[in-house]
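Chains, contacts and geometry: an overview
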Number of protein chains: 2
Amino acid sequence: MASVANDFNEKQLEILQVAETLFAENGFERTSIRTIAKEAKINIAMVSYYFGSKEKLLEALVFYRTKDLRFEIENLSIEELEPMEKINRLIPLYINRINCNKGIYRILHYEITGSKNDLKLQILDDIRLKNLTAITAIIEEGQRKGIFRKDIIIPLITPTILGTFFHFYMNKHYFQNLLDLKTEIAFEEYIKTNLIQHIQQTIKSLLIYEN
Amino acid sequence: MASVANDFNEKQLEILQVAETLFAENGFERTSIRTIAKEAKINIAMVSYYFGSKEKLLEALVFYRTKDLRFEIENLSIEELEPMEKINRLIPLYINRINCNKGIYRILHYEITGSKNDLKLQILDDIRLKNLTAITAIIEEGQRKGIFRKDIIIPLITPTILGTFFHFYMNKHYFQNLLDLKTEIAFEEYIKTNLIQHIQQTIKSLLIYEN
DNA sequence: GTTTAATTTAAACGACTGTTTAATTTTTAT
DNA sequence: ATAAAAATTAAACAGTCGTTTAAATTAAAC
C-alpha cells in the first residue's frame with residue numbers, strides 16, 4: 001500500500017479528487033466506495049489498496065486539502081497593515097479557502113461531529129487553533145492601538161464569520177429562491193460580493209463600535 | 001396505520017422523542033431503526049407500522065416539533081417595543097427554540113441539503129419565510145425611525161444569528177476544550193449567557209453603526 | 001362469549017455497505 | 001528473458017440497512 005504520510009501518486013490524486021466532489025455533493029456517509037470507484041473508473045478494491053479504508057481516505061483528503069493552506073493566515077498577520085485592513089483581508093481568505101475546496105470543510109465541521117477524536121479532527125483542531133492565534137494577535141493589536149473595543153469575546157469571532165458563510169452555503173436552495181440566484185454562477189458571485197461584504201461589515205461594526 | 005396528519009398517540013410520541021434524541025446525537029443516517037426500536041423498547045416493525053418509513057418518521061418529527069412554534073416570532077413583532085429591543089428579544093427566542101429541540105433543526109439545516117424539495121423542506125421554508133418577514137418588518141421600522149442604518153442586507157441577518165449559534169453548537173468538542181467548559185451544564189450556560197450576548201452585540205453593532 | 005379489528009412479534013427479504021481474498025495482469029529490476 | 005514487485009481484477013465475505021410478511025397476541029365491538 002502506498003504511503004499516506006506525504007505524497008500521493010496520480011491514481012491516488014484522481015481518487016481523492018473524485019471522492020472530494022462526491023463527498024461534497026452527497027456527504028461522506030451517503031457516498032459509497034462503489035460510487036467513487038465507478039466515477040474514478042477504478043476497481044472497488046483500489047480504495048482499500050491505496051488508502052486502507054474509507055475513513056482513511058477521508059483523512060488523506062483532509063491532509064491533502066489542508067497542508068498547503070495551513071500557513072496562509074499566519075503570513076497575513078505579519079504583514080504591515082492596519083488591524084482593520086487585516087481583518088478585512090482575512091474574511092475573503094477564509095471564505096474562499098472553504099469555498100474553493102468543494103465542501104470538504106462542510107464535512108469536517110458538520111458531519112464528523114459524532115465521531116471520536118481521531119486524526120482528522122486533530123488536524124482540524126490544529127488549523128483552528130492557529131487561526132485563532134492569528135486572529136487574536138490582530139485584534140489585540142487593534143485594541144492596543146485604541147481602534148477596537150475591548151469587550152469582545154475573541155473566540156466567538158470565527159463562529160460568526162464561518163457560521164454566517166456556512167449557513168448561507170448549506171441552505172443554498174432556500175437562498176437561491178429567496179434572492180433569485182438561478183444559476184450556480186450567480187450564487188457564487190453573490191457569495192464573493194454581497195455575502196463577504198456583509199460579513200466584513202458585520203465584523204467591522206462589532207470591532208470598532210463604541211457605545 | 002395511525003394518521004400522521006394531525007395527532008400522535010402515546011406510542012408514537014415515545015418513538016418520536018426517542019428518535020429525536022438519537023437523530024440529534026448521531027445524525028439521521030447514522031441512526032438505524034433498530035437502534036430506535038431498542039431504545040424505545042418496541043419491535044423494529046413498529047416504526048413502519050406507525051409512520052410508514054424512516055423518512056416519514058423524520059417528517060412527522062419535523063411536523064411535531066414545529067407546529068407549536070410557528071407563530072412565536074410573529075407575535076413578537078406586534079408588541080409595543082423599540083426595534084432594537086425587539087431584535088434583542090428575538091435572538092434568545094431563536095437560539096432557545098433551536099437549542100431546546102434537541103438538534104432537530106441541525107438535521108434540517110445541515111443534513112437534508114442533498115435531498116429533493118419534499119414535505120419537510122417545505123415546512124422549513126415556510127418557517128424561514130415567516131421569520132424573515134417578521135425581521136424585515138422590525139428592521140424597516142427601525143430604519144424609518146432613523147435608528148438603524150439603511151445599507152443592511154436583511155436576508156443575511158438570519159444567517160449571522162443562526163450560523164454563529166450553529167457553528168458553535170456543532171463544534172461542541174472544540175469549544176468545550178477551548179473555553180474549558182467541561183460539563184454539559186457549563187456548555188449550555190455559556191450559550192445562554194456569553195454566546196447569546198455576543199450575537200446580540202454583533203447584530204446591534206451591525207444595525208446601529210454609523211460611519 | 002364470539003367476532004372483528006388493532007397491535008405486536010420473530011423471522012425473513014433483498015439490497016447495499018466496507019473490506020478482503022486469491023488469481024491475474026502489468027510494470028519494474030536484474 | 002526471467003524473476004520479483006506492484007497494480008488490478010472479479011468474486012465473495014460478513015454485516016447492516018429499511019422494509020415486509022405472516023403468525024400470534026391483545027383490545028374493542030357487538
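Residues numbered from 1 in each chain as written. Chains lettered and ligands numbered in written order. Predicted model: local features only at pLDDT ≥ 70, side-chain atom pairs only at ≥ 80, totals over all residues. Heavy atoms only, no water.

Considerations on the relation of the copies chain A and chain B
When chain A is fitted to chain B, the best match, at an RMSD of 0.2 Å, comes from turning it 180 degrees and sliding it 0.0 Å along the axis. Such a turn and shift between the copies fits a two-fold axis. Using C-alpha coordinates, one finds that chain A approaches the rotation axis most closely at A:G163, a distance of 1.9 Å. Of the interface residues in chain A, 100% have counterparts in chain B that sit at the interface too, so the contact is made through matching surfaces. (Least-squares fit on C-alpha atoms with pLDDT ≥ 70 in both. Contact = heavy atoms within 4.5 Å.)

Looking at the interface of chain A and chain B
Tallying the contact residues gives 45 residues for chain A and 45 residues for chain B. Looking only at chain A, the three residues that lose the most surface to chain B are A:Y110, A:H167 and A:Y174, adding up to 15% of its buried area. For the pair chain A and chain B, the number of links is 2 salt bridges. A salt bridge links A:R30 to B:E29, with the nearest nitrogen and oxygen atoms 2.1 Å apart. Joining chain A to chain B, the criterion identifies 12 residue pairs in polar contact (both at pLDDT 80 or more). Residue assignment for the side of chain A that touches chain B shows that the elements contributing at least two residues are helix 7 (104-110), helix 8 (119-144), helix 9 (157-170), helix 10 (172-178) and helix 11 (184-208) of chain A. (Buried area = accessible area lost by both parts, 1.4 Å probe. Salt bridge = Lys/Arg side-chain N within 4 Å of Asp/Glu carboxyl O. Polar contact = N/O pair within 3.5 Å; in protein donor to acceptor, adjacent residues only side chain to side chain. Helix = DSSP H or I, 4+ residues; strand = E, 2+ residues; numbered from the N terminus.)

A few points about the protein's contact with DNA strand C
Looking at DNA strand C, there are 17 residues lining it, with A:R34, A:S53, A:K54, B:M46 and B:Y49 nearest. Across the atoms of DNA strand C situated within 4 Å of the protein, the share located in sugar and phosphate is 53%. A:I33 is positioned such that a nitrogen or oxygen atom in its backbone is 3.0 Å from a phosphate oxygen of DNA strand C. Interatomic distance of 3.1 Å between a side-chain N/O atom of B:K11 and a phosphate oxygen of DNA strand C. Looking at the surface near DNA strand C, the elements with two or more residues in it are helix 2 (33-39) and helix 3 (45-51) of chain A together with helix 3 (45-51) of chain B. For the surface near DNA strand C, the element with the highest residue contribution is helix 3 of chain B, accounting for 4 residues. (Near = heavy atom within 4 Å.)

Observations concerning the packing of helix 6 (residues 83-100) of chain A against helix 11 of chain A
Residues and elements named next belong to chain A. Following both chains from N to C, one finds helix 6 and helix 11 inclined at 140 degrees, their axes separated by 10 Å at the closest point. Of the two elements, helix 6 crosses helix 11, and the hand of that crossing is right-handed. On helix 11, the residues touching M84, I87, N88, I91, P92, I95, N96 and N99 of helix 6 are E188, I191, I196, I199, Q200, I203, K204, L207 and I208. Tallied by class, residues from the contact of helix 6 with helix 11 come to 11 nonpolar, 4 polar and 2 charged. (Axes fitted to C-alpha atoms, helices over the stretch in contact; angles between N-to-C directions. Left-handed = near helix turned anticlockwise from the far one by under 90°. Nonpolar A, V, L, I, M, F, W, Y, C, P; charged D, E, K, R; others polar.)

Observations regarding unusual backbone geometry
Residue and element names in this part refer to chain A. Positive phi, normally seen in glycine, also occurs at D180, with a value near 60 degrees. Structurally, the position occupied by D180 is in the loop between helix 10 and helix 11. What makes D180 exposed here is its relative accessible area of 52%. (Buried < 20%, exposed > 50% of the residue type's maximum accessible area, 1.4 Å probe, protein only.)

Everything listed here is a matter of geometry and, on its own, says nothing about what the molecule does.
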